[in-house]
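Descriptive structure summary
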Amino acid sequence: MLKLIGAFMVIFGCSNMGFYYRGELREGLHHMRMLRQILEMMMSEIRYNKSTLPECCRQVGKNAESPYAEALTEIYDLMSSRSGYCFSQCWEQEMGKCLAGLPISGKETQMALGLASCGSLNDCDMQIRAIEQYRDMIDYAVRKREEALHRQGKMAAGLGIMSGLLLVVILI
């Protein structure tokens with residue numbers, strides 16, 4: 001009876017490790033989609049409301065999920081406090097903190113932080129074009145993550161279950 005309970009616990013634990021990895025892949029994909037959505041909202045704010053980048057951060061921060069809402073609001077607060085920070089510094093600092101604990105790669109983080117270069121552009125059309133370039137890069141990363149989730153997600157769950165079964169056979 002104890003062997004049966006132990007075997008069940010080993011299979012359950014290994015399976016959960018596979019499902020946890022698949023969940024991490026899904027969460028990373030969700031965050032990349034959120035970044036793409038944030039950039040699209042910023043482009044709309046600039047295009048239709050003629051907002052400045054700090055004002056875009058405030059407006060988009062109202063509609064964004066956590067932790068992005070807090071980071072965008074903090075960027076607006078830093079810019080409006082006239083503390084001497086430029087948009088580039090504020091974006092890199094706050095979004096860097098925001099993205100630090102998320103399950104996205106360093107390359108994807110650099111794509112998101114690269115938007116800071118738009119702060120030096122004064123023309124609305126140039127800002128929109130620059131944001132579109134970063135949105136397209138993030139969109140490509142989203143497609144790659146979707147493919148990886150499909151392939152690696154199934155593999156992770158299967159390997160978790162199979163490794164649990166293998167351990168049970170070895171231990172019994």
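For the structure, see preceding data.
Keep in mind that what you see is a predicted model, and the values were worked out from it rather than measured.

What follows deals with the nonpolar core. Proteins that are soluble and globular tend to have nonpolar side chains buried together. Core analysis: the biggest nonpolar cluster contains 44 residues, and Leu35, Met42, Tyr68, Trp91 and Ile131 have the highest contact counts within it. Element by element, the count of residues in this core is highest for helix 1 (residues 2-49), at 11 residues. When residues no more than four places from it in sequence are discounted, the contact partners of Tyr68 are His31, Met34, Leu35, Ile38, Met95, Cys98, Leu99 and Leu102.

What follows deals with the side chain of Glu45. Along the chain, the position of Glu45 falls in helix 1. For the buried Glu45, which has no salt bridge, the nearest side chain bearing the opposite charge is Arg58, at an N-O separation of 7.7 Å. Side-chain polar atoms of Glu45 contact the side chain of Asn49, separated by 3.0 Å. When residues no more than four places from it in sequence are discounted, the contact partners of Glu45 are Lys50, Ser51, Cys56, Gln59 and Val60.

The grouping of Met1, Leu2, Leu4, Ile5, Phe8, Met9 and Phe12 at the surface amounts to a nonpolar patch, some 900 Å² of accessible area in total. Relative to the helices and strands, Leu2 is located in helix 1. With a relative accessible area of 73%, Leu2 lands in the exposed category.

In this section: empty space enclosed by the protein. One pass over the full model with this rule turns up 1 cavity of 30 Å³ or more. Considering the residues around the largest cavity, the lining is formed by Leu35, Ile38, Leu39, Trp91, Met111, Ala112, Leu115, Tyr134 and Ile138. For the lining of the largest cavity, the secondary structure elements donating two or more residues are helix 1, helix 5 (106-113) and helix 6 (124-171). Broken down by element, the lining of the largest cavity gets its largest block of residues, 3 residues, from helix 1. Tallied by class, residues from the lining of the largest cavity come to 9 nonpolar, no polar and no charged.

Quick look at the packing of helix 1 against helix 2 (residues 53-63) now. At a minimum axis separation of 9 Å, helix 1 and helix 2 run at an interaxial angle of 125°. In this view, helix 1 runs oblique relative to helix 2, as classed from their interaxial angle. For the element pair helix 1 and helix 2, the recorded crossing hand is right-handed. The segment helix 1 lies against helix 2, with Ile38, Met41, Met42, Glu45 and Ile46 engaging Leu53, Cys56, Cys57, Gln59, Val60 and Asn63. Considered class by class, the residues forming the contact of helix 1 with helix 2 number 8 nonpolar, 2 polar and 1 charged.

What counts and how
- Residues numbered from 1 in each chain as written.
- Predicted model: local features only at pLDDT ≥ 70, side-chain atom pairs only at ≥ 80, totals over all residues.
- Heavy atoms only, no water.
- Core = buried A, V, L, I, M, F, W, Y, C linked by side-chain atoms within 4.5 Å.
- Buried < 20%, exposed > 50% of the residue type's maximum accessible area, 1.4 Å probe, protein only.
- Helix = DSSP H or I, 4+ residues; strand = E, 2+ residues; numbered from the N terminus.
- Contact = heavy atoms within 4.5 Å.
- Lys, Arg positive; Asp, Glu negative; His and termini not counted.
- Salt bridge = Lys/Arg side-chain N within 4 Å of Asp/Glu carboxyl O.
- Polar contact = N/O pair within 3.5 Å; in protein donor to acceptor, adjacent residues only side chain to side chain.
- Patch = residues over 30% accessible without salt bridge, like charges linked within 9 Å, V, L, I, M, F, W, Y side chains within 5 Å.
- Areas by Shrake-Rupley, 256 points an atom, 1.4 Å probe, with all protein chains shown as cover.
- 1 Å grid on protein atoms, 1.4 Å probe; cavity = no way out; pocket = protein on both sides within 12 Å on 5 of 7 lines; lining within 4 Å.
- Points joined across faces, edges and corners; volume = space filled by probe spheres on them.
- Nonpolar A, V, L, I, M, F, W, Y, C, P; charged D, E, K, R; others polar.
- Axes fitted to C-alpha atoms, helices over the stretch in contact; angles between N-to-C directions.
- Parallel < 35°, antiparallel > 145°, perpendicular 65-115°, else oblique.
- Left-handed = near helix turned anticlockwise from the far one by under 90°.

These figures capture arrangement, not role.
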